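Per-entry structural report
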Amino acid sequence: MKSAVETLNPTRVRLTVEVPFEELKDSLDAAYKKINQQVTVKGFRKGKIPARVIDQRFGRGAVLEEAVNDALPKFYTEAVNEAEIDVLGQPEVDITELKDGETLNFTAEVDVRPAIEIPDYSGIEVEVDAVEVSEEDVEKAVSDLRERFASTSPVERAAEDGDVVTIDLQAKVDGEVLEDGVAEGVSYTIGSGELLDGIDDAVKGLEAGGEATFTSELKGGSAAGKEAEVTVKVTQVAARELPELDDDFAQLASEFDTLDELKADSRKRLENMKQYDQATQAQERVLEKLLDLVEVPVPEKLLEDEINTRKHNLEHHQLGQMGLDLEKYLEIQGKTVEEFDAETKEAAVKGIKTQFVLDELVKQEKLNVNQEELTEHLMRRAASSGMSPDQFAQAVVEGGQVPLLVGEVARGKALAVVVEKATVKDTNGEVIDLDDEDEVEQATETVEAAEGTADEAGEEKTEG
C-alpha cells in the first residue's frame, strides 16, 4: 500500500491511497465466505459454493463491493498512522479506481487537529473579586438558618404575607379541567414564588374556606406554557413563628453552644464559599487570557457537530426535564433564534479551542493522570449525574468513555499549571495565592464549563 497526504487547510487533509490487488486477498476470501453463508445454489451444500459459481450467479461486482467495504477501514487506518495525523470525526471516502486483479485507489478527506503553538503564558495577569464578608452577609446567613427552624400554628384570620396556607387547586384551559390540573392539600408559603404567578394576590385576604379564581400561565404539565383559569381554595391558614435568636437557638440549629460561635462559623463558611468562587473566577479569566494568546483554527465539521450536540442536549435533556420547548425557553430568556444560534456557536467555538489548547499543554508539560485523580473525578461526575459511583463507572466503561474522563482531568491539570504561573490580584490590589489541594478538580470543573460538558455526565458528546 502507498499513501500520500495533502493539506487542504489547517484543519483538513486529503489522503490518497493506492492498494495493490493482492493486499485485498483476505478481504476477498472473507467476502466469498460471507456470501456463501447467505445464499443457496442448487447442487451445492450451503457454505460450499465455489467462488467461480458465486461470480457467475451473483456477479463479481457484488464480491468486490463486499471486499472493499471490509478492507477500506483497515487501509484508511494504516494511511492515517503512516502520515502521523490526529484525525477528528469520520472521513469522506471516495473510491477513485477499482480494477479487478490490479489495484484499488481511494481518497479520504478528514478533519485533523490543527498544529498549535503555545506561547509563553507566564505573564498572564487577571483581577478577581476580593473575599469580603460583611456583617449583613452573616446576619442573612443566620436569618436563613432561622427560617429553616420556623414552626407553624393554625390561625383564624385572613392570610397574610409569610403565612403558610394549605390549598386545593383546579386548573382549566379553554373551559376544560386538565387531568393533571387538580391538586389537594398543597402547602404554600405566601410570597415564596414557588407556585403559579398570581397566586399570592389570590390567597392573601382569604380565610380558611375562602376561594378565589385567577389567570396564570402554567409552568409545567400537559398544558405547560398555556394560559389557565385557576381556582384556589384555602383550607387552612397557619402563621410562621421564628425561634428567638439566642444561645438556645444556636444549640438547636448547630453543634455550637452560643450564638456568637454560630455567627463566627457562618462567617468562616461564607469566606470559604467566596474563596472557592474567587478561585473559579481566577481560573475562568486565566483561561480566557490563555485562549486570547493562541491562534486556533476550528474545523468546520467539528464545529457543526458540536453546535448540534449542544442544541440536542439543551432541547432533549435540560428543557425536556423542565417541561419546556426551545421556543418557550427563548421567550423566557428574551432572545431571538438568531441570538441563540450566535451564542451557541460562540460557546461551541470556545469549547473546541479550550480542548485543543489544553490538550496541547498536556503534551507540552508531559502531564499524566493518576488513579486517585481519576477516581475523585469519577465520584464527582457520578454525583452530578444522580448515579451511584459504581453505576456511573460501569456506564463509563461500557460506553468506552474512560479516555474522555482521563482527558478532562488532564486538561484540568493543564489549566492549573497555567493558573499557578499567572499573577492573580483582587480588586484591593492584593496578590492571591490559589494553592489548594482541590485545585486540579476545581480547574477540571472550570474546563468542563468552558467545554460545555459540565451538565453532560453520562451523555455522549462531540469528541475528536
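Residues numbered from 1 in each chain as written. Predicted model: local features only at pLDDT ≥ 70, side-chain atom pairs only at ≥ 80, totals over all residues. Heavy atoms only, no water.

1. With respect to the overall build of the protein
Short version of the rule: In this description a helix means any DSSP run of H or I spanning at least four residues, a strand means any run of E spanning at least two, and both kinds are numbered starting from the N terminus. The size measure is the radius of gyration over C-alpha atoms, and the globule rule it meets is 2.2 Å times the number of residues to the 0.38 power. Here, residues are in contact when the closest pair of their heavy atoms is within 4.5 Å. Working definition of accessibility: Shrake-Rupley area with a 1.4 Å probe, residue cover restricted to the visible protein chains. Charge assignment in this entry is limited to Lys and Arg as positive and Asp and Glu as negative, and neither His nor the chain termini are counted. Charged side chains are reduced to one point each, which is NZ for Lys, CZ for Arg, CG for Asp and CD for Glu.
Secondary structure summary: the protein contains 14 helices and 11 strands in total. For a compact globule of 464 residues, the expected C-alpha radius of gyration is about 23 Å, and the protein comes in at 32 Å, more than 25% above that figure. With the C-alpha coordinates aligned to their principal axes, the bounding extent of the protein is approximately 100 × 65 × 40 Å. For the protein, the share of sequence-separated contacts (at least 6 apart) that also reach a separation of at least 24 residues comes to 70%. When the accessible surface of the protein is split by element, carbon and sulfur atoms take 45% of a total near 26300 Å². Charged side chains in the protein number 50 positive and 108 negative. The centres of these two groups are separated by 10 Å.

2. Topic: the UniProt feature "domain: PPIase FKBP-type" (unreviewed entry) in the protein
Our working definition: UniProt positions are given in the numbering used here, feature names are shortened, and annotations may be inferred rather than shown by experiment.
The feature "domain: PPIase FKBP-type" (unreviewed entry), as given by UniProt, occupies residues 162-215 in the numbering adopted here. Helix makes up 9% of residues 162-215 and strand 54%, whereas the separation of the span's terminal C-alpha atoms amounts to 22 Å.

3. Re the packing of helix H11 (residues 371-385) against helix H13 (residues 402-421)
What counts, and what does not: An axis is simply a line fitted to the C-alpha atoms; with a helix, the fit covers only the stretch in contact. Between two such axes, the angle follows the N-to-C directions and lies from 0 to 180 degrees. When an angle is under 35 degrees it counts as roughly parallel; over 145 it counts as roughly antiparallel; between 65 and 115 it counts as roughly perpendicular; any other value is oblique. The nonpolar class holds Ala, Val, Leu, Ile, Met, Phe, Trp, Tyr, Cys and Pro. Asp, Glu, Lys and Arg form the charged class, and all remaining residues, Gly among them, are polar.
Close contact between H11 and H13 brings their axes to 10 Å; oriented N to C, the two are set at 110°. The angle between H11 and H13 places the two elements in the roughly perpendicular class. Of the residues in H13, those touching H11 at Glu 373, Leu 374, His 377, Leu 378 and Arg 381 are Leu 405, Val 406, Glu 408, Val 409 and Lys 413. Partitioned by chemical class, the residues of the contact of H11 with H13 number 5 nonpolar, 1 polar and 4 charged.

4. Some thoughts on the side chain of Lys 328
Definition in use: Whether a residue is buried, partly exposed or exposed follows from its accessible area with a 1.4 Å probe, protein chains only, as a fraction of its type maximum: under 20%, in between, or over 50%, in that order.
Note on placement: Lys 328 falls in helix H9 (residues 326-333). For Lys 328, a relative accessible area of 13% puts it in the buried group.

5. Thoughts on helix H4 (residues 135-148)
Stated formally: Multiply 1.5 Å by the residue count of a helix minus one, and that product is the helix's expected span. Directions pointing from the helix axis toward each C-beta atom define the arc.
Over its 14 residues, H4 runs 20 Å from end to end, which matches the ideal 20 Å to within 8%, given 1.5 Å per residue. Considered for burial, the residues of H4 that qualify are Val 138, Val 142 and Leu 145. Projection of H4 onto a plane perpendicular to its axis shows the buried side chains occupying an angular sector of 55°, all on one side. When the buried face of H4 is taken as reference, the exposed residues oriented beyond 90 degrees from it are Glu 136 and Lys 140. In the core, the buried residues of H4 are packed alongside helix H6 (247-253) and helix H7 (259-293).

6. Observations concerning the nonpolar core
Heads up, the rule is: Among the buried residues, those of types Ala, Val, Leu, Ile, Met, Phe, Trp, Tyr and Cys that are joined through side-chain atoms within 4.5 Å form a nonpolar core.
Core analysis: the biggest nonpolar cluster contains 40 residues, and Tyr 121, Ile 124, Leu 290, Leu 358 and Leu 361 have the highest contact counts within it. Those elements that place two or more of their residues in this core are strand E5 (125-128), H7, helix H8 (300-322), helix H10 (337-364), H13 and helix H14 (439-451). Leu 358 has contacts with Leu 287, Leu 290, Arg 411, Ala 414, Leu 415 and Val 447, leaving out every residue within four places of it along the chain. In terms of nonpolar packing, the next biggest core, distinct from the first, is built from 30 residues, Leu 28, Ala 31, Ala 79 and Val 110 among them.

7. Topic: the pairing of strand E9 (residues 211-217)
Just so we agree on the cut-off: Being paired, for any two strands, means DSSP has found at least two bridges between them.
On E9, burial follows the alternation: Ala 212, Phe 214 and Ser 216 on one face are buried, whereas Glu 211, Thr 213, Thr 215 and Glu 217 on the facing-out side are not. Bridge analysis of E9 against strand E10 (residues 227-241) gives 7 bridges, and the strand direction is antiparallel. Within E10, the position partnered with Thr 215 by the bridge is Glu 229.

8. Examining the packing of aromatic side chains
Threshold: Classification of ring pairs uses Phe, Tyr and Trp, with its six-membered ring standing for Trp, and accepts pairs whose centres are within 6.5 Å; under 30 degrees between planes counts as stacked, over 60 as edge-to-face, and the remaining range as tilted.
Within the structure shown, the criterion is met by 1 aromatic pair. Ring geometry for Phe 149 versus Phe 249: centroids 6.2 Å apart, planes at 85°, classification edge-to-face. Residue Phe 149 is located in the loop between H4 and strand E6 (151-154), and its partner Phe 249 is located in helix H6; the two are separated by 100 residues in the primary sequence. Residue Phe 149 is classed as partly exposed on the basis of its relative accessible area, which comes to 30%.

9. Brief notes about the sheet that holds strand E1 (residues 2-9)
If you trace the 4 strands from one edge of the open sheet to the other, you get E1-E2-E4-E3, paired in antiparallel fashion. Because the sheet does not close on itself, it has two edges, and the strands there are E1 and strand E3 (87-99). Between one strand axis and the next, the sheet turns by 20° as a mean value, whatever way the strands run. Direction of pairing for E1 relative to strand E2 (residues 12-20): antiparallel, over a ladder of 7 bridges. Note on E2: the bridge partner recorded for Ala 4 is Thr 16.

10. Section: the environment of Asn 428
Here Asn 428 shows up in the loop between strand E11 (423-426) and H14. Classification of Asn 428 by relative accessible area gives partly exposed; the value is 49%. Between the C-alpha atoms of Asn 428 and Val 128, which are 300 residues apart in sequence, the distance is 9.3 Å. Leaving out residues up to four positions away in the same chain, Asn 428 has contacts with Ala 130 and Glu 132.

11. Describing H8
To keep things clear, this is the line we draw: What the bend at a residue measures is the angle between two axes, fitted to the seven residues ending there and to the seven starting there.
The terminal C-alpha atoms of H8 lie 32 Å apart, and with 23 residues this matches the ideal 33 Å at 1.5 Å per residue to within 8%. For H8, the principal kink sits at Leu 314 and spans about 35°. Listed as buried for H8 are Leu 302, Leu 303, Glu 306, Ile 307, Thr 309, Arg 310, Asn 313, Leu 314 and Leu 319. In this structure, the buried residues of H8 make contact with E3, strand E4 (103-112), H9, H10 and H14. Remark: Gly 323 follows H8 within two positions and exhibits a positive phi of approximately 70°.

12. Here's the deal with the pattern of salt bridges
To keep it simple, the criterion reads: Think of a salt bridge as a Lys or Arg side-chain nitrogen and an Asp or Glu carboxyl oxygen that are within 4 Å of each other.
Counting across every chain of the model gives 37 salt bridges. Residue Lys 301 pairs with Asp 305 through a salt bridge whose shortest N-O separation is 3.0 Å. Taken as a pair, Lys 301 and Asp 305 lie in helix H8 at a separation of 4 residues, close to a single helical turn. The class of Lys 301 is partly exposed, set by a relative accessible area of 42%. One salt bridge in this structure joins Arg 380 and Glu 448, with 2.7 Å as the shortest N-O distance.

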